[in-house]
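# Overview (structure and organization)
Chain by chain, the residues:
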Amino acid sequence: MAKTAIDELQERVRGKVVLNAPMDRFTTLRVGGPADLLVYPEDREDLTELISFLAERGIPYFVLGNGSNLVVRDGGIRGAVICLTEGFRAIERREGPRFRAEAGVPLRRLVRWTVDQGITGFEPLVGIPGSVGGALAMNAGAWGMEIGERLVELEALSPEGRVQVFDRTTLRFGYRSLDLPPGYVILAAVLEGEPADPEEVKAAAKAFFARRKESQPLAEPSAGSVFKNPPGAKAAKLIESCGLKGVRVGEAEVSRLHANFIVNAGMATASQVVSLIGMIQERVFVKHKVKLEPEVRIVGEWAKGKVRVTD
Ligand SMILES: Cc1cc2nc3c(=O)[nH]c(=O)nc-3n(C[C@H](O)[C@H](O)[C@H](O)COP(=O)(O)OP(=O)(O)OC[C@H]3O[C@@H](n4cnc5c(N)ncnc54)[C@H](O)[C@@H]3O)c2cc1C
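All figures in this text were calculated on a predicted structure; none of them were measured in a lab. (Residues numbered from 1 in each chain as written. Predicted model: local features only at pLDDT ≥ 70, side-chain atom pairs only at ≥ 80, totals over all residues. Heavy atoms only, no water.)

## Here we look at empty space enclosed by the protein
Scanning all chains against the criterion turns up one cavity of 30 Å³ or more. Considering the residues around the largest cavity, the lining is formed by Leu29, Val71, Ala223, Val226, Ile262, Val273 and Val296. In the lining of the largest cavity, the residues fall into seven nonpolar, no polar and no charged. (1 Å grid on protein atoms, 1.4 Å probe; cavity = no way out; pocket = protein on both sides within 12 Å on 5 of 7 lines; lining within 4 Å. Points joined across faces, edges and corners; volume = space filled by probe spheres on them. Nonpolar A, V, L, I, M, F, W, Y, C, P; charged D, E, K, R; others polar.)

## Overview of the packing of aromatic side chains
Enumeration over the complete set of coordinates arrives at four aromatic pairs. Considering the side-chain rings of Phe99 and Phe122, the 5.3 Å spacing of their centres and the 70° angle between planes classify their relative orientation as edge-to-face. A residue pair is termed long-range when its members are at least 10 positions apart, and Phe99 in strand S7 (residues 98-102) and Phe122 in the loop between strand S8 (119-120) and helix H4 (132-138) qualify at 23 residues. Ring plane angle 65° and centroid distance 5.9 Å describe the contact between Phe166 and Tyr184, whose orientation is recorded as edge-to-face. With a gap of 18 residues between them, Phe166 in strand S12 (residues 163-167) and Tyr184 in the loop between strand S14 (177-178) and strand S15 (185-192) connect regions that are remote in the sequence. Both residues of the pair, Phe166 and Tyr184, belong to the buried class. The rings of Phe99, Trp113 and Phe122 are connected pair by pair, giving a single aromatic cluster. Above the plane of the ring of Tyr40 lies Lys16, whose end atom (NZ or CZ) is 4.7 Å from the centre. Stacked on the ring of Phe122, the Lys or Arg Arg150 has its end atom at 6.0 Å from the ring centre. (Phe/Tyr/Trp six-rings, centres within 6.5 Å; stacked < 30°, edge-to-face > 60°. Helix = DSSP H or I, 4+ residues; strand = E, 2+ residues; numbered from the N terminus. Buried < 20%, exposed > 50% of the residue type's maximum accessible area, 1.4 Å probe, protein only. Lys NZ or Arg CZ within 6 Å of the ring centre and 35° of its normal.)

## Focus on the nonpolar core
Counting 35 residues, the largest nonpolar core has Phe99, Leu110, Leu136 and Leu154 as its most contacted members. Only S7, helix H3 (107-117), H4, strand S11 (151-157), S15 and helix H5 (198-215) provide two or more residues apiece to this core. With five residues, H3 is the single largest residue contributor to this core. Those residues in contact with Phe99 that sit more than four places away from it in its chain are Ile91, Glu92, Arg93, Arg94, Leu110, Trp113, Thr114, Ile119, Phe122, Ala189, Val190 and Leu191. With 27 residues, the next largest nonpolar core counts Leu29, Ala268, Val273 and Ile277 among its residues. (Core = buried A, V, L, I, M, F, W, Y, C linked by side-chain atoms within 4.5 Å. Contact = heavy atoms within 4.5 Å.)

## Observations concerning the site of the ligand
As a matter of local geometry, the ligand sits amid 36 residues, with Val63, Gly65, Ser68, Ser131 and Gly141 nearest to it. At a separation of 2.8 Å, a nitrogen atom of the ligand approaches a polar backbone atom of Ile186. Within the side chain of Arg212, one N or O atom sits 3.0 Å away from an oxygen atom of the ligand. Breaking the shell around the ligand down by element, the ones donating at least two residues are strand S3 (61-64), H4, strand S9 (141-142), S15 and strand S17 (222-225). (Near = heavy atom within 4 Å. Polar contact = N/O pair within 3.5 Å; in protein donor to acceptor, adjacent residues only side chain to side chain.)

## Section: the sheet that holds strand S19 (residues 252-254)
Strand order across the open sheet formed by four strands is S17-S20-S19-S18, with antiparallel pairing between neighbours. This sheet does not close on itself; its edge strands, each paired only once, are S17 and strand S18 (248-249). Examined bridge by bridge, S19 and strand S20 (residues 261-264) share three bridges and lie antiparallel to one another. Along S20, the bridge assignment pairs Ala252 with Asn264. Seen against the sheet, helix H7 (residues 270-288) touches S18, S19 and S20 and runs at an angle of roughly 30° to S19. (Pairing = 2+ DSSP bridges. Axes fitted to C-alpha atoms, helices over the stretch in contact; angles between N-to-C directions.)

## Section: the domain arrangement of the protein
Taken domain by domain, the protein holds domain 1 (3-83), domain 2 (91-213) and domain 3 (219-299). Placing a centre on the C-alpha atoms of domain 1 and another on those of domain 3 gives a separation of 28 Å. Each partner contributes to the interface: domain 1 provides 13 residues, whereas domain 3 provides 17 residues. Both faces combined, the contact of domain 1 with domain 3 buries some 1300 Å², and carbon together with sulfur accounts for 59% of it. Broken down residue by residue, the surface that domain 1 buries against domain 3 is led by Leu29, Asn69 and Val71, which jointly contribute 46%. Joining domain 1 to domain 3, the criterion identifies zero salt bridges. For the pair domain 1 and domain 3, the interface holds eleven residue pairs in polar contact (both at pLDDT 80 or more). When residues in the side of domain 1 that touches domain 3 are grouped by element, the largest group, three residues, is from strand S4 (residues 70-72). (Domains from an automatic or database assignment. Buried area = accessible area lost by both parts, 1.4 Å probe. Salt bridge = Lys/Arg side-chain N within 4 Å of Asp/Glu carboxyl O.)

## Looking at the layout of surface pockets
Each pocket or cavity is described by its volume, and for the second largest pocket that value is around 220 Å³. Along the lines of polarity and charge, the residues of the lining of the second largest pocket split into seven nonpolar, six polar and three charged.

## Let's talk about H7
Spanning 19 residues, H7 covers 26 Å between terminal C-alpha atoms, matching the ideal 27 Å at 1.5 Å per step. What H7 keeps buried is the set Ala270, Ser271, Val273, Val274, Leu276, Ile277, Ile280, Gln281 and Val284. Looking one or two places after H7, you find Lys289, whose phi comes out positive at around 60°. (Expected span 1.5 Å × (residues − 1).)

## Here we look at the packing of H3 against H5
Running from N to C, H3 and H5 point in directions that differ by 150°, and their axes come no closer than 7 Å. As summarised for this structure, H3 and H5 are arranged roughly antiparallel, according to the angle between their axes. Contacts between H3 and H5 involve Val111, Val115 and Asp116 on the former and, on the latter, Pro198, Val201, Lys202 and Ala205. Of the residues belonging to the contact of H3 with H5, the class tally is five nonpolar, no polar and two charged. (Parallel < 35°, antiparallel > 145°, perpendicular 65-115°, else oblique.)

In structure tokens:
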């Protein structure tokens, strides 16, 4: 990007700007090449200014949460990556068991906050290393609960810079998906739980975390479940039945603890991760005639001069 464009950006936007941001440092799987620009708008006004700057210059953008559901390709991301995890961190109580949380609030904090407030319904999210924005965009959930079912309304910024409030009934949440028009940035959400004794909420959250710790490789870099569960089956079981636990492409490895996780066993590249994804899909298809669909989002460009791996 031309120097003058960067200067202008830094004049117009107050938030931190990182040039050539290595995406392996901003994703939990720890793979991915550089993003041209990584910007942390400080507030709504700052974000609106950023979006209008990018529109004027025809610069594409991608919204990043905590990077816990992403495989960023080795060539990185052209254009801007917008991240709300520094500026959009407020969480406040509304009437009854309702509250409003901004997109950058980590789920870890949201769960802790609901425990303190005596609000139940969010405990299954404990241990998911995402942000509120990412969780809503993915309709994150666990053990039968999905965040979409707790939504009252969602605030988002349109690509034209207009704040829109979506009532729950106007949004379509699916299995790990939300049908938000392209280019919208989730700003905040009003969520609703049920009133409960804080001690009981705490105990429930603790129990969910223990379950997660037992079954998932939380200490190793990963992007969580790689594949969606196909109807009537568990992706992990299908993968395990093909003898794939521990199988590697380079340093990308099928977790020995949970077959639906790929862990970065060292210096894995996105290309290795995507090759391993392809290998798993092929083996599972040959054995079970089931096409596994990725739950992780694969974004960005392949490194130049490297053989492109089909995904
Ligand atoms: C150890 C581990 C365990 C996990 N367990 C679970 C689990 O039990 N259940 C589950 O559902 N997931 C799980 N995940 C996956 C992941 O944590 C969730 O999908 C999480 O909600 C993603 O949030 P994020 O902020 O990291 O989003 P990112 O990974 O940064 O982004 C995911 C998608 O959301 C979009 N997005 C992010 N923020 C915004 C925004 N403000 N506006 C618009 N779009 C946005 C991005 O563009 C991208 O398309 C796990 C991951 C790990 C590493």
